Amino acid sequence: MRELRGIAASPGTALAPAYFFFDDYSSSIPSFSISSEDVASEFSRFLEATEEAKADVIVLRDKALKEAGEEHAAIFDAHLMMLDDPEIKESVELRLSSFLLNVESIIFSLEREMIDKLSSSQDPYMQERVTDIHDVVRRILGHLLHRERIDLADIDMDVIIVARELLPSDMITMARERIKGIVTESGGRTSHAAILARAFQIPAVLGVGAFVSDVKALTPLIVDGDRGVVVIDPDGEALKKERAAHSMRIRKESAFKSIRDLPATTKDGERIFLKANIEVPEEVRSAVEYGADGIGLFRSEFLFLGGHIPGEEAQFKAYKQVVEAMGDKPVTIRTLDIGGDKVLPEFGAQDEKNPLLGWRAIRFCLSKPEIFRTQLRAILRASVYGDVRIMFPMISALGELVEARGILEQAQWECKAKSLRVPDHIKAGIMIEVPSAALCSDILARSADFFSIGTNDLTQYTLAVDRGNEKVAYLHNPLDPAVLRLIKMTIDTARKAGIEVSLCGEMGADPAAAVLLVGLGLRELSMSSVSIPAVKSLLLSVTLKEAQQTAEVIMTMTSPSEAASFLADRFTL
Ligand code: PEP
Ligand code: MG
């Protein structure tokens with residue numbers, strides 16, 4: 001038995017045999033010299049294979065559109081653009097005549113060159129593009145070599161997919177009901193494989209490093225997508241633990257199902273609204289399944305991370321899909337929170353010394369009013385289909401909020417000028433995720449319709465701890481008294497000003513922390529859908545008075561560890 005650690009990319013656990021998905025041609029690319037007379041015929045073989053690859057991609061694009069939505073289909077538009085790229089064609093022709101080698105080896109070496117260039121970038125977005133190049137080249141080579149591609153759609157037994165990486169086309173085509181878990185050597189939490197695994201509710205551990213070659217086919221594996229652990233060939237003890245965890249999960253799930261349609265309240269009936277955070281429109285299905293009271297945070301930037309900037313129509317459709325699926329429940333769409341760790345080179349982002357303190361979120365949008373207005377028009381148009389609110393991220397001063405509201409008004413006028421149906425008034429609020437916003441929340445409350453506290457960033461900026469740096473991860477704790485004081489200050493200010501206040505950071509997904517937050521005065525929390533039942537279940541067992549007493553005690557504490565052990569002692573699920 002062996003254990004490996006990786007990135008907990010999609011929650012849940014699974015036990016099943018390993019199914020190796022090696023769609024790797026690298027060891028069998030033929031390489032031979034050609035004469036100059038053969039250049040033209042080799043080049044036309046390349047053009048033919050490209051056309052065949054395009055036909056495949058068009059089919060995949062339609063399937064993705066039907067099953068996963070517009071923004072995932074857009075990945076394949078990017079692939080089609082690559083297949084049509086005249087520069088790549090020119091480059092292949094030039095290399096054929098300069099090196100006089102067969103077209104397969106020319107394409108293979110061109111791919112290596114493009115990938116090496118992109119891989120040396122520190123930028124996760126650029127690294128993700130490697131996946132797209134690999135996907136397209138693999139498809140062309142498949143046609144040149146007349147190979148059948150291994151098709152994940154044909155799997156007819158329950159398995160855990162083990163791969164070096166999974167490409168967007170693999171995720172879309174796979175027989176999802178048969179895939180119990182996913183393990184990959186590379187990939188991160190924001191890779192398409194991770195986003196789609198979460199949307200399809202398949203437990204996944206990504207980025208475990210090189211291990212695929214040491215494991216035999218059909219070896220039993222346990223994938224623990226909650227902890228980011230993979231157990232290879234588990235022994236009796238590990239199997240027993242997994243089975244116990246599995247039955248516990250089933251029991252919890254059926255207990256959770258029984259409270260699914262109950263309104264979330266404290267034991268004594270105080271209503272607490274539990275909403276869902278989503279990244280892609282398909283996640284709205286799990287929000288409904290887990291009984292969310294609405295969408296508290298739609299991280300719209302994920303629509304922009306698929307390799308191209310979506311236009312107004314594509315965005316409108318994505319927002320409308322979510323709004324309609326939620327019926328009369330409210331949907332809060334956060335405007336583009338790009339920058340920091342989510343970089344889009346096509347917007348001209350420069351390498352910044354401190355990207356998290358730099359050209360991010362609202363700062364980016366205010367400097368690109370065209371992009372901002374396009375998004376606002378799309379949201380406004382979608383808002384006539386339900387109860388929609390707009391939320392601006394990373395507001396750090398009143399000036400930004402005033403300017404953002406001005407641009408929102410312009411977007412409204414633009415829609416009206418085109419006789420497009422938009423509401424006369426839409427609620428516009430802000431994330432409180434920078435200490436200056438919390439400290440000046442009384443000033444901001446005059447121009448904001450609501451606040452939503454983003455504890456992930458608020459903790460990062462208050463404690464000067466990069467939330468993505470594992471070396472200082474132990475310091476990133478929202479139970480730190482400094483963060484708790486800012487949270488309390490924001491809640492108190494909002495209540496005084498008579499505006500709504502909620503919280504959408506990861507903190508709210510921890511049931512015991514949720515009790516504390518209710519005790520501090522919050523009546524609305526937003527979290528990943530899967531966390532809703534556990535939070536609801538604990539809230540149903542605690543009175544408002546108990547929650548308030550908990551908050552009173554915690555606010556006297558001097559360290560996050562003291563607060564954490566108090567909560568752990570008091571509230572165990
Ligand atoms: C936050 O910062 O707490 C938040 C919810 O926003 P994100 O995690 O998308 O930065
Ligand atoms: Mg944030």
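Residues numbered from 1 in each chain as written. Chains lettered and ligands numbered in written order. Predicted model: local features only at pLDDT ≥ 70, side-chain atom pairs only at ≥ 80, totals over all residues. Heavy atoms only, no water.

Describing the overall build of the protein
Looking only at helices and strands, one finds 21 helices and 16 strands in the protein. Against the 2.2 N^0.38 benchmark of 25 Å for 573 residues, the protein shows a C-alpha radius of gyration of 25 Å, consistent with a compact globule. Seen through its principal axes, the protein has C-alpha atoms that stretch 85 × 65 × 40 Å. In the protein, 68% of the contacts between residues at least 6 apart in sequence involve partners at least 24 apart. About 24,700 Å² of surface is accessible on the protein, with carbon and sulfur atoms providing 53% of the total. (Helix = DSSP H or I, 4+ residues; strand = E, 2+ residues; numbered from the N terminus. Rg over C-alpha atoms; globule rule 2.2 N^0.38 Å. Contact = heavy atoms within 4.5 Å. Areas by Shrake-Rupley, 256 points an atom, 1.4 Å probe, with all protein chains shown as cover.)

A short note on the coordination of the magnesium ion (ligand 2)
Around a metal, the ideal angle is 109.5 degrees if four donors adopt a tetrahedral arrangement and 90 or 180 degrees if six donors adopt an octahedral arrangement. Donor atoms from the polypeptide that bind the magnesium ion (ligand 2) are Glu433 (OE) and Asp457 (OD), placed at 2.1 to 2.2 Å. Separated by 24 residues along the polypeptide, Glu433 in the loop between β13 (427-432) and α14 (435-439) and Asp457 in helix α16 (residues 455-463) bring together distant segments of the chain. Accessibility classification places Glu433 together with Asp457 in one group, the buried group. (Donors = N, O, S within 2.8 Å, 3.2 Å for Na, K, Ca; no water. Buried < 20%, exposed > 50% of the residue type's maximum accessible area, 1.4 Å probe, protein only.)

So, the site of ligand 1
Neighbouring residues of ligand 1: 13 residues in total, closest Arg299, Arg334, Gly454, Asn456 and Arg467. Taking Arg334, its side chain carries an N or O atom lying 2.8 Å from an oxygen atom of ligand 1. In this structure, Thr455 approaches ligand 1 through a main-chain N or O atom, which is 3.1 Å from an oxygen atom. Alone, ligand 1 offers 290 Å² of accessible surface; in the complex the protein occludes 98% of this. Residue contributions to the shell around ligand 1 peak at three residues, all from α16. Of the residues belonging to the shell around ligand 1, the class tally is three nonpolar, four polar and six charged. (Near = heavy atom within 4 Å. Polar contact = N/O pair within 3.5 Å; in protein donor to acceptor, adjacent residues only side chain to side chain. Nonpolar A, V, L, I, M, F, W, Y, C, P; charged D, E, K, R; others polar.)

Details of the sheet that holds strand β1 (residues 2-5)
Sheet architecture is open: eight strands sit in the order β1-β8-β7-β3-β4-β5-β6-β2, paired in mixed fashion. Every other strand in the sheet has two partners, leaving β1 and β2 (7-10) as the edge strands with one partner each. Across the sheet, the mean angle separating the axes of adjacent strands is 30° when strand polarity is ignored. The sheet contact formed by β1 and strand β8 (residues 229-232) spans four bridges and is antiparallel. The residue bridging Leu4 from the neighbouring strand is Val230, located in β8. Running over the sheet, helix α8 (residues 236-259) touches β3 (13-21) and β7 (220-224) and is turned about 120° from β3. (Pairing = 2+ DSSP bridges. Axes fitted to C-alpha atoms, helices over the stretch in contact; angles between N-to-C directions.)

Considerations on α16
Taken across its nine residues, α16 has seven buried, putting it largely inside the fold. By the burial criterion, the buried members of α16 are Thr455, Asn456, Asp457, Leu458, Thr459, Gln460 and Tyr461. Lining the buried residues of α16 we find β10 (295-299), β13, α14, β14 (450-453), α17 (481-497) and β15 (500-503). Positioned one or two residues after α16, Ala464 has a phi angle of 55°, which is positive.

Some thoughts on the pairing of β14
The two faces of β14 match: Phe450 and Ser452 on one face and Phe451 and Ile453 on the other face are all buried. Summarising the sheet, β13 and β14 pair through three bridges and their orientation is parallel. Bridge pairing in β14 places Ile432 opposite Ile453. With four bridges joining them, β14 and β15 adopt parallel strand pairing. Bridge pairing in β15 places Phe451 opposite Val501.

Considering the packing of helix α1 (residues 39-67) against helix α4 (residues 103-119)
Between α1 and α4, the shortest axis-to-axis distance is 9 Å and the interhelical angle comes to 60°. It follows that α1 is oblique to α4 by the angle criterion. Contact with α1, carried on its side by Glu42, Arg45 and Phe46, involves Val103, Glu104 and Ile107 of α4 and no other residues of that element. Residues of the contact of α1 with α4, tallied by class, amount to three nonpolar, no polar and three charged. (Parallel < 35°, antiparallel > 145°, perpendicular 65-115°, else oblique.)

Description of the environment of Ala547
On the secondary structure map, Ala547 appears in helix α20 (residues 544-554). For Ala547, a relative accessible area of 2% puts it in the buried group. With residues near it in sequence (within four places) discarded, Ala547 still touches Val515, Val518, Gly519 and Val542.

Examining the pattern of salt bridges
As enumerated under the stated definition, the model contains 36 salt bridges in all. By sharing partners, the salt bridges in this structure join Glu312, Glu313, Glu370, Arg373, Arg377, Arg381 and Glu414 into a single network. (Salt bridge = Lys/Arg side-chain N within 4 Å of Asp/Glu carboxyl O.)

Points about the domain arrangement of the protein
Partitioning the protein into domains gives domain 1 (1-21 + 156-237), domain 2 (24-144) and domain 3 (264-543). On a C-alpha basis, the centroid separation for the pair domain 2 and domain 3 is 39 Å. (Domains from an automatic or database assignment.)

Brief notes about the environment of Ser447
Inspection of the secondary structure assignment puts Ser447 in the loop between α15 (441-444) and β14. Along the backbone, Ser447 and Val384 are 63 residues apart, and their C-alpha atoms lie at a distance of 23 Å. Here Ser447 is in contact with Leu398, Leu401 and Arg405, once residues within four sequence places are set aside.

Structural notes on a nonpolar patch on the surface
Side chains of Leu398, Val402 and Ile443 sit close together on the surface and give an oily, nonpolar patch of about 210 Å² of accessible area. Residue position: Leu398 is located in helix α13 (residues 398-417). (Patch = residues over 30% accessible without salt bridge, like charges linked within 9 Å, V, L, I, M, F, W, Y side chains within 5 Å.)

What to know about the nonpolar core
Counting 93 residues, the largest nonpolar core has Ile295, Phe392, Phe451 and Ile487 as its most contacted members. Sorting elements by how many residues they give to this core places helix α18 (residues 511-520) first, with eight residues. Discounting residues that sit within four places of it in the chain, Ile487 has contacts with Ile453, Thr455, Leu458, Met507, Leu517 and Leu520. (Core = buried A, V, L, I, M, F, W, Y, C linked by side-chain atoms within 4.5 Å.)

Digging into unusual backbone geometry
Of note in the backbone geometry, Leu100 takes a positive phi value of approximately 50° without being a glycine. Examined against the element boundaries, Leu100 turns out to sit in the loop between α3 (86-99) and α4. For Leu100, a relative accessible area of 27% corresponds to the partly exposed category. Despite not being glycine, Met394 has its phi angle at roughly 55°, a positive value. Residue position: Met394 is located in the loop between β12 (388-392) and α13. For Met394, a relative accessible area of 2% corresponds to the buried category.

Notes on the environment of Phe256
With respect to the helices and strands, the residue Phe256 is situated in helix α8. What makes Phe256 buried here is its relative accessible area of 18%. With 277 residues separating them in the primary sequence, Phe256 and Pro533 have C-alpha atoms 5.4 Å apart. The residues contacting Phe256, other than those within four sequence positions of it, are Pro533, Ala534 and Ser537.

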